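Structural overview
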Amino acid sequence: MTDEEKVLLIEQVAGAWRPDAGDELTYHKAWHDLDAHSREIAADRARALRRIEAALDGEGLSTTARHVLAKITRASRRA
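Predicted, not measured: the structure shown is a model, and the values here were computed from it.

1. So, the overall build of the chain
Counting its secondary structure elements, the chain contains three helices and zero strands. Beginning at the N terminus, the succession of helices and strands in the chain can be written as α-α-α. Against the compact-globule benchmark of 12 Å for 79 residues, the chain has a radius of gyration of 15 Å, which places it well outside the compact range. Looking at the chain as a whole, 20% of its 79 residues are labelled buried. Within the chain, residue pairs in contact and separated by at least 24 positions form 52% of the contacts whose partners lie at least 6 positions apart. Accessible surface for the chain amounts to roughly 5800 Å². Of this, 57% is attributable to carbon and sulfur atoms. Separation between the mean location of the 13 positive side-chain charges and that of the 14 negative ones in the chain comes to 8 Å.

Now the structure itself:
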């Protein structure tokens, strides 16, 4: 894998978007294509991105937090 390919995978893994995730909380499949050091970089970057998202959000929530709360709300309505 080239350095350029590795950087792209790190960015994909760190971002909040997940391909075909639907209503599920899931990891990015590219996670498995990264070595341990690159996974650490991606995880650090993801934490930083979620803090930025939360800082920009009027309610202080990240994309991940919004998705989790929506899932909890839907589940409690069904119960």
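2. Points about the confidence of the model for the chain
Low pLDDT marks regions whose predicted coordinates should not be analysed in detail. The share of residues in the chain with pLDDT of 70 or more is 91%, and the mean pLDDT across the chain is 88. Per-element mean pLDDT across the chain ranges from 86 in helix α3 (residues 63–78) up to 95 in helix α2 (residues 36–56).

3. Observations concerning helix α1 (residues 3–14)
Three- or four-residue spacings in an α-helix give side chains the same orientation, since the helix completes a turn every 3.6 residues. If you check α1, its first and last C-alpha atoms are 16 Å apart, about what 12 residues at 1.5 Å a residue would give, namely 16 Å. Within the sequence span of α1, burial applies to Leu 9, Ile 10, Val 13 and Ala 14. Down the axis of α1, the sector holding all buried residues measures 130°, keeping them to one side. Next to the buried residues of α1 lie α2.

4. Things to note about the pattern of salt bridges
Considering all chains together, one arrives at six salt bridges under this definition. In this structure, Asp 57 and Arg 66 form a salt bridge, with 2.9 Å as the shortest nitrogen-oxygen distance. Via salt bridges that share partners, Asp 57, Glu 59 and Arg 66 belong to a single interconnected network.

Reading the values: the criteria
- Residues numbered from 1 in each chain as written.
- Predicted model: local features only at pLDDT ≥ 70, side-chain atom pairs only at ≥ 80, totals over all residues.
- Heavy atoms only, no water.
- Helix = DSSP H or I, 4+ residues; strand = E, 2+ residues; numbered from the N terminus.
- Rg over C-alpha atoms; globule rule 2.2 N^0.38 Å.
- Buried < 20%, exposed > 50% of the residue type's maximum accessible area, 1.4 Å probe, protein only.
- Contact = heavy atoms within 4.5 Å.
- Areas by Shrake-Rupley, 256 points an atom, 1.4 Å probe, with all protein chains shown as cover.
- Lys, Arg positive; Asp, Glu negative; His and termini not counted.
- Charge placed at Lys NZ, Arg CZ, Asp CG, Glu CD.
- pLDDT = per-residue confidence, 0-100.
- Expected span 1.5 Å × (residues − 1).
- Arc of directions from axis to C-beta.
- Salt bridge = Lys/Arg side-chain N within 4 Å of Asp/Glu carboxyl O.

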